[in-house]
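Read off the chains here:
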There are 2 protein chains.
Amino acid sequence: MASLQDIGVSAAINLLSAFAFLVAFAILRLQPFNDRVYFPKWYLRGIRSSPTHSGALVRKFVNLDCRTYIRFLNWMPAALRMPEPELIQHAGLDSAVYIRIYLLGLKIFIPFTVLSFVVLVPVNWTDRRLESMDLTYSDLDKLSISNVSAGSKRFWAHILVFYVFTFWTLYVLYKEYEKIASSRLHFLASQKRRPDQYTVLVRNVPPDTDESVSEHVEHFFCVNHPDHYLTHQVVYNANRLANLVEQKKSLQNWLIYYQNKYERNPKNKPTTKTGFWSLWGTTVDAIDYYTAEIEKLSKEEAEETERVISDPKSIMPVAFVSFKTRWGAAVCAQTQQSSNPTLWLTEWAPEPRDVYWPNLAIPFVELNVRKLIMAVALFFLTFFFMIPIAFVQSLANIEGIQKVVPFLKPIIKKKFVKSIIQGFLPGIALKIFLILLPTILMTMSKIEGFTSLSYLERRSAGKYHLFILVNVFLGSIITGTAFEQLHQFVNESANEIPKTVGATVPMKATFFITYTMVDGWAGIAAEILRLVPLIIFHLKNTFLVKTEKDREQAMDPGSIAFASSEPRIQLYFLLGLVYSVVAPILLPFIVVFFGLAYLVFRHQIINVYDQKYESAAAFWPDVHWRLIIGMIISQLLLMGLLSTKDAELSTPLLVVLPILTIWFHRICKNRFESAFVKFPLQDAMVKDTLERATEPNLNLKNYLQDAYIHPVFKDNQIEVPTAIYEDENNPLVPTRRTSNRNTPGESKRSSEISSEGRV
Amino acid sequence: MASLQDIGVSAAINLLSAFAFLVAFAILRLQPFNDRVYFPKWYLRGIRSSPTHSGALVRKFVNLDCRTYIRFLNWMPAALRMPEPELIQHAGLDSAVYIRIYLLGLKIFIPFTVLSFVVLVPVNWTDRRLESMDLTYSDLDKLSISNVSAGSKRFWAHILVFYVFTFWTLYVLYKEYEKIASSRLHFLASQKRRPDQYTVLVRNVPPDTDESVSEHVEHFFCVNHPDHYLTHQVVYNANRLANLVEQKKSLQNWLIYYQNKYERNPKNKPTTKTGFWSLWGTTVDAIDYYTAEIEKLSKEEAEETERVISDPKSIMPVAFVSFKTRWGAAVCAQTQQSSNPTLWLTEWAPEPRDVYWPNLAIPFVELNVRKLIMAVALFFLTFFFMIPIAFVQSLANIEGIQKVVPFLKPIIKKKFVKSIIQGFLPGIALKIFLILLPTILMTMSKIEGFTSLSYLERRSAGKYHLFILVNVFLGSIITGTAFEQLHQFVNESANEIPKTVGATVPMKATFFITYTMVDGWAGIAAEILRLVPLIIFHLKNTFLVKTEKDREQAMDPGSIAFASSEPRIQLYFLLGLVYSVVAPILLPFIVVFFGLAYLVFRHQIINVYDQKYESAAAFWPDVHWRLIIGMIISQLLLMGLLSTKDAELSTPLLVVLPILTIWFHRICKNRFESAFVKFPLQDAMVKDTLERATEPNLNLKNYLQDAYIHPVFKDNQIEVPTAIYEDENNPLVPTRRTSNRNTPGESKRSSEISSEGRV
């Protein structure tokens, strides 16, 4: 282990660099021309607009007001000032709950730090195992459990403190789950009318030879939910159309770019090349070329639209079915419709923004196969990812490059360049893989076929968590590739594994302290600077923006990357839990991480991020579960460690903890999870009753009509044929009604009348 | 291993003894005075009545018709003759599906036997490992995989055949699950009106300071299921009352016994002793004594009834809520009612016979703790059950007995008696434990707090399966107590365990062949003889029976003991799967077991058993899951075995199978399980519509009024206050209705009118 001084110096350097980031941020954010990068959320809200000082032109770009620089750190208290209810209102529950994860870290680890520094550090420090063994050791080691002699009575202190830690963590977790579950229910209850409250996503509508999908859905729900069914919206397979629209948008951007260029410099008519990425091919006039291309695409798009709307094959066996009441939708979402449980599958519709449209077109039978393949792929990705990287690394050597691009030979031959390539290339391949990893995992989740963005993010986060657990945490403790670990684990007894791993844990404290500083602190500080969006915004602003509306579009507020950032937080939770009694010196670093992160992300969700969807904290059960996994790992490792220290009496004491933790998890699951999965009928009924009292003439059908239309139709304002049986002479079998119920025809009539009355 | 001849002799002996049982049965069943023991089901159906031949008295007891003895085996074809739909009609779906488990065994293992005798036996026989090793070996060993040399190419045959077996088993399992799921749906759909179709069990009704439980339930469901709620029945804590009734019944039996005795021998007035089990205490006149005791109990019973009905504290926060339609009940059972998911818990009501009343009184908060304690207890029971038994065995030696009952000393001192005691006592303690085990497990399940008999049985079966798996299967393969195995497993690597176990498997083939014959064949043959019910019936018949009705009650038709017999079947499945490629010689014995069992149980369910409840084959997902477990165990063991035989290339090939099997299980679960858990709305709607058309004037409320009353009230015809708000001026808030819906008051009125019209 490094000495206390080394760690001190390293911490100072890292703190300074983090501070440098913060200062850079503080200065950049005060410049008006960066305003849209650092405060996009307020622009999107329409509360803030481009600075239009009547001063000199330069003041439009650079802030010359010195007073503001003096208070350059005042964003920090500002970020903390907004109370939570307002924050939920402002940024949504997802974001508000997301930053509560950091707060949870503080709640757990501040008491940990205090207790372990008061009790464990003196206990470790005053023993003299390392002295007696005549080893070279540092002060840091003396603070850790390594300094306690084997079989010492002092381990009782560790076990006792660990018990306190465990119960404290469980208590905090329980309170947090309770709070978030009630927040969620309150949030859902206080929300305004939203289409997804009335709507259910129906998948796997069985084919019918006599009826179209739309007719079949209408008939089925009229028969089986006679009092509640209102309308439905079929889903078109518009994936190709969406592609075309995307392509057209990109071409239009280029057109605007060249037009701008031409306007600024009318003498030089801009040209482009027709080949790939405009790198080769014949040179043509850029504006003409792109105009022609856009026209071509527009035509193709119109044809495709025509095809999608008219071809019955482009209608998927999927529909968004809406009900007259929230109660009706809640009932339909929670019940099984048909005796074949793979047909007429109903689930809550995600909110329209949250729908991942391409996956709605996947045939249901494929899903099982896709999931199996992805599970196997995830296994190989986690344990064997080094193999392809090693292959790339072996290719990407000097000789390989010389072969592929011979004209670079003279440059490569230079010694300086050569050494850089040889030094960096292997690392770069790994780095690129790690940067791409969240995207790869997201693609895998997409292949699995989930239909909402929020669920896709949650699934990717789960995969990423596994990867980090195996390759970062275990990979750092047991050196060697994941595959070697796997091999070792398979060949070791269930008893040995925690021992092997546990015994190595104290040795790696220094490494994880450094990791926390470099990856954690610096990463958080870099997050607030938003370097990439800053550069892209200025590029776009220079080349593409003509109107205020363009500038609006050039802003990239971004959003919380739940899929990649939550698993990383979990790593710090895991480190804190594992090292809490083993090497308490790690804890302050974790606390600083959580504190800094809380501050920064609170600022970001207030001023920057614009969430793409709102899932009302649906991710919390996952977060909770991963924390439980972390706790169990820490308990097993401590058990292993202590049994190598001749404190074997501790095992029966410690074995209680995992059992208790799993039991706690089950209780929490029973108690709270359904708040995240189901929608209680009582709440639905209350909202329905209230709505009926306050807005008796509401025309819900009009409101829901276009809610779930593929965005490609919505954005392009293409008319899509909607509900079919608008006419009065509804062909539905009236024999299935008793006299004291309305036929759907009647209720429709009454709703139409009421809507007419209102209009 | 024993030689082929040994096994042949043993098989002959066992076959003969089984045959002896069958002959004994064939003779006993033909005697008229045993008729009620061997054909109770037909008596309960009212189709058969006591033999009243006009012949000699002796013919009433003994069958003197010689011709019937010639055809004494004709019950066998008779048992097979009844077609399945009629069987379902006659014995219920539970029984019909239960015997399909045996049929499934035949379907799986007959092709196994054929294929392995055609392919594997020659492959094993023609190799010469055992010869070359100069070991003593028998013919049996030559038939098993032990005869194949290490690293031989012949193992490909085993792997190939194992693949075929696996796919065949999966195919048969899939088909069976499909068949049973559709049978269940068909059975449920074709059933007549039953109270449980309309009823939902609501647990954990929250306390309310202003309202009684009954009022609270009424209000809650009137508000949240306004169009569907019909009535409800609260649950009284009548456990003490039920005890009193039970005691009284037993006293009455004794009274009848002494009255009968007195009638037959009027000179001698019967006396009894007042102490424990009438063994000691003052001697009194028996008839007077029991009459007085019964009177005392009757008074106590009346008081208790009064208390239960009038005391609001005896009303549990549990209710059976009935709905106007099956659709309404299906909706309520499948949805969450309140935002607190531990309140207003709804589930399908079990049918009235199936309700386990004592557990309805358990407070809901206790359940989590009870489950944890029982899980820990099950663990200790499974792995440490030998400890208390060894303790009892150490006490139950000659000296111990002499101390406790000194007057037996002279008898014990005799050498013959002494040797018997010393030889048998230790075995008896274990045997008693094993006989009591299903009862212990059932008690544990009851403590866990499940509310229906069928579910209790299923849970007990799960526990018993674990016990058999660990203590019979693994315990026989790896000698040593379960605790020693556990210790070994914890200390061995995940890789080693299948190797250690797998390598021992072939050596135990002889043992399991013997086990199959002694436990399986003989057990099944004894089952048909019904020795215990036979004796008890004749005892009761002699001492208690006066009227024909008494004789009816003296019959004990019994029922399938699912909780104890299904896990035993699973053991034979497991043996068949594990030994299918290792020692195919075991397979014919398994096949004979399944064939014999199928025949016997088919006879029993047709003629004997009277099921206490009907769960419509709700146990099938459990059976399926345990078969999957068996398959995975067999795959792992074969993997382990082959890797010790230097056929390590086989591992990657075989590792695919468990993954495939688990995936198959998930598909089956998705595809079929909901048929056993949920009730689809479509089917409910069809039945509702049909009912409305055929019986428009049905008074459902009257029909459901008394369906879910505690049996103690029903049997004793005690009037219990039922639904409360019968009057028209229902105090429910009418503001929550829109004009196009009925208030519950209205609907009640209309149903009352219709019922009046009918009456």
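Preceding this section is the structure that the text describes.
Residues numbered from 1 in each chain as written. Chains lettered and ligands numbered in written order. Predicted model: local features only at pLDDT ≥ 70, side-chain atom pairs only at ≥ 80, totals over all residues.

(A) Representation of helix 29 (residues 562-582) of chain B in the model. Between the first and last C-alpha of helix 29 of chain B there are 30 Å, a value that for 21 residues agrees with the 30 Å anticipated at 1.5 Å per step. By the criterion of burial, helix 29 of chain B is predominantly enclosed, with 19 of the 21 residues buried. (Helix = DSSP H or I, 4+ residues; strand = E, 2+ residues; numbered from the N terminus. Expected span 1.5 Å × (residues − 1). Buried ≥ 20, exposed ≤ 12 C-beta atoms within 10 Å, placed from the backbone.)

(B) The relation of the copies chain A and chain B, seen in detail. Overlay of chain A on chain B (RMSD 0.1 Å): rotation 180 degrees, translation along the axis 0.0 Å. Taken together, the rotation and translation relating the two chain copies correspond to the operation of a two-fold axis. Residue Ser493(A) of chain A places its C-alpha closer to the rotation axis than any other residue of that unit, at 1.6 Å. (Least-squares fit on C-alpha atoms with pLDDT ≥ 70 in both.)

(C) Layout of the nonpolar core. Ranked by internal contacts, the top residues of the largest apolar core, which has 121 residues, are Leu575(B), Leu586(B), Ile590(B), Phe593(B) and Ala597(B). Residue assignment places this core across two domains, with domain 1 (4-190 + 467-677) and domain 3 (364-448) of chain B each supplying three or more. Counting residues in hydrophobic clusters, the runner-up holds 119 residues, among them Leu143(A), Ile497(A), Val581(A) and Val600(A). (Core = buried A, V, L, I, M, F, W, Y, C linked by C-beta atoms within 7 Å. Domains from an automatic or database assignment.)

(D) The sheet that holds strand 6 (residues 345-348) of chain B, seen in detail. All names here are of chain B. Strand order in the open sheet formed by four strands is 2-5-1-6, with antiparallel pairing between adjacent strands. The outermost strands of the open sheet, each flanked by one partner alone, are strand 2 (229-236) and strand 6. Across the sheet, the mean angle from the axis of one strand to that of its neighbour is 30 degrees, orientation sign disregarded. (Pairing = 2+ DSSP bridges. Axes fitted to C-alpha atoms, helices over the stretch in contact; angles between N-to-C directions.)

(E) Highlighting the pairing of strand 1 (residues 199-203) of chain B. Residue and element names in this part refer to chain B. Counting buried positions along strand 1 yields five of five residues, so the element is predominantly enclosed. Alternating residues of strand 1 divide into Thr199, Leu201 and Arg203 and Val200 and Val202, and every residue in both groups is buried. With four bridges joining them, strand 1 and strand 5 (residues 315-323) adopt antiparallel strand pairing. Bridge pairing in strand 5 places Thr199 opposite Ser322. Sheet topology places strand 1 next to strand 6; four bridges connect them, and they run antiparallel. The residue bridging Val200 from the neighbouring strand is Trp348, located in strand 6.

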